[in-house]
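Working through the structure, step by step
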Amino acid sequence: MGILDSGIDLSGVDESATGDYSPVPDGQYTIEALKFEDRVYNSGNAGIDIQFAITGPTNQNRRIFETFVLTGNSTTVAMGRIKAFMRAAGVDVDNVPLNNQTLGQAMNRPVEANIGTKSGSNGYPPKNNVKSFLAANAAPAPAAAPQQAQAPAPQANQPTGQQVN
């Protein structure tokens, strides 16, 4: 028996409650690729569409859709972006080819990314896009080690404008 066999009462449902599809604020987010589709576009070029979900620190479960056109006259940027995504997801992109299996390895893995907003066009509203994928395990620079206080070294005859090491 399916869910629709017994009927669902929609009389009390607010049909205007469809969700917020406005772009999230630009910034750094953790995202995960949920699924990909190998496609041939109207231009005749082939590529991959990937659906990402934001997992944090805010706007969880919001979606970002990216297209990587991998054939045609100008593929350098798309190839670099998909390589950066896969590297950030922990795939050894220098020693494996891009195929369904290796792209599948990058799915459902947290990746840090800089998210921006692309202006709307042709009647479509603005939308988020991935500006860049950050290196895997990118960590903030370590804090400087505490140092003991020392008397400053003499700086006699030091020309102005030069740094002393």
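Sequence order sets the numbering: in each chain, residues are counted from 1 along the sequence as written. Reporting of local features is limited, given that this is a predicted model, to residues whose pLDDT is at least 70; pairs of side-chain atoms are given and counted only at 80 or more, and all residues count toward the totals for whole chains, interfaces and linings. The side-chain quantities take in all heavy atoms of the structure and omit both hydrogens and water.

1. As for the packing of aromatic side chains
A pair of Phe, Tyr and Trp rings is counted when the ring centres sit within 6.5 Å of each other, with Trp represented by its six-membered ring. The angle between the planes then sorts it: under 30 degrees is stacked, over 60 is edge-to-face, the rest tilted. For the coordinates displayed, the defined rule picks out 3 aromatic pairs. Judged by centre distance (5.4 Å) and plane angle (50 degrees), the rings of phenylalanine 85 and phenylalanine 133 are tilted. Highlighted residues: phenylalanine 85 in helix 1 (residues 76-88) and phenylalanine 133 in strand 5 (residues 127-133), separated in sequence by 48 residues. Relative accessibility thresholds used throughout: buried, under 20% of the residue-type maximum; exposed, over 50%; partly exposed, between the two (1.4 Å probe, protein chains only). In this structure phenylalanine 133 comes out as buried when scored by relative accessible area, which is 10%. Three or more aromatic residues link up through ring pairs in this structure, and these residues are Phe52, Phe85 and Phe133. Helix and strand definitions follow DSSP, with helices as H or I runs of at least four residues and strands as E runs of at least two, each counted in order from the N terminus.

2. Here's the deal with the sheet that holds strand 2 (residues 46-56)
Pairing between the strands of a sheet is mediated by backbone hydrogen bonds and can be parallel or antiparallel. In short, DSSP must find at least two bridges between two strands for them to pair. Strand order in the open sheet formed by 5 strands is 3-2-1-4-5, with antiparallel pairing between adjacent strands. What marks the edges here is a single partner per strand, and that holds for strand 3 (63-69) and strand 5. Strand-to-strand twist in this sheet, taken as the mean axis angle between neighbours without regard to direction, amounts to 45 degrees. Two elements, strand 4 (residues 111-118) and strand 5, share 6 bridges in a ladder whose sense is antiparallel. If you follow alanine 113 over to strand 5, its bridge partner there is phenylalanine 133. A fitted line through C-alpha atoms serves as each axis, taken over the contacting stretch for helices, and the angle formed by two N-to-C directions is quoted from 0 to 180°.

3. Let's talk about the pattern of salt bridges
Salt bridges are identified by distance alone: a Lys or Arg side-chain nitrogen within 4 Å of an Asp or Glu carboxyl oxygen. By the definition in use, this model includes 4 salt bridges. With a shortest N-O distance of 2.7 Å, arginine 39 and aspartate 49 are connected by a salt bridge. In this pair, arginine 39 is assigned in strand 1 (residues 27-40) and aspartate 49 in strand 2, connecting sequence segments 10 residues apart. For arginine 81, the salt bridge identified is with glutamate 66, shortest N-O distance 3.0 Å. Linking arginine 81 in helix 1 with glutamate 66 in strand 3, this pair joins segments that are 15 residues apart in sequence. For the residue pair arginine 81 and glutamate 66, the accessibility class agrees, reading buried in each case.

4. A word on the pairing of strand 4
Taken together, the 5 bridges between strand 1 and strand 4 define a ladder with antiparallel strand orientation. The residue of strand 4 that forms the bridge with glutamine 28 is asparagine 114.

5. Points about the confidence of the model for the protein
Confidence per residue, as judged by the predictor, is encoded in pLDDT with a range of 0 to 100. Across the protein, the average pLDDT comes to 84, with 82% of residues at or above 70. Here residues 138-165 is modelled with pLDDT under 50, and outside its nearest four sequence neighbours on either side it reaches 2 contacts, counting other chains as well. Should any heavy atoms of two residues lie within 4.5 Å, those residues are counted as being in contact.

6. Focus: helix 1
Since one α-helical turn is 3.6 residues long, residues separated by three or four positions face the same way. The terminal C-alpha atoms of helix 1, which comprises 13 residues, lie 18 Å apart, in line with the 18 Å expected from a rise of 1.5 Å per residue. Taken residue by residue, helix 1 has Ala78, Arg81, Ile82, Phe85, Met86 and Ala88 as its buried positions. Mapping the buried residues of helix 1 onto a view down its axis gives an arc of 165 degrees, with all of them on the same face. Buried residues along helix 1 sit against strand 1, strand 2, strand 3, helix 2 (100-105), strand 4 and strand 5. Positive phi shows up at glycine 90, right after helix 1, with a value of about 95 degrees. Expected helix span is taken as 1.5 Å per residue step, with the number of steps being one fewer than the number of residues. Our arc is simply the arc of the directions from the helix axis toward the C-beta atoms.

7. Section: a nonpolar patch on the surface
Like-charged residues are merged into a patch within 9 Å and nonpolar side chains (Val, Leu, Ile, Met, Phe, Trp, Tyr) within 5 Å, provided each residue has over 30% relative accessible area and no salt bridge. Using the Shrake-Rupley algorithm and a 1.4 Å probe, accessible areas are obtained, with residue cover drawn only from the displayed protein chains. A cluster of nonpolar side chains, namely Ile3, Leu4, Ile8, Leu10 and Val13, defines an oily patch on the protein surface of about 570 Å² accessible area. Following the sequence through the fold, isoleucine 3 ends up in the segment before strand 1. Take isoleucine 3: its relative accessible area is 65%, and that puts it in the exposed class.

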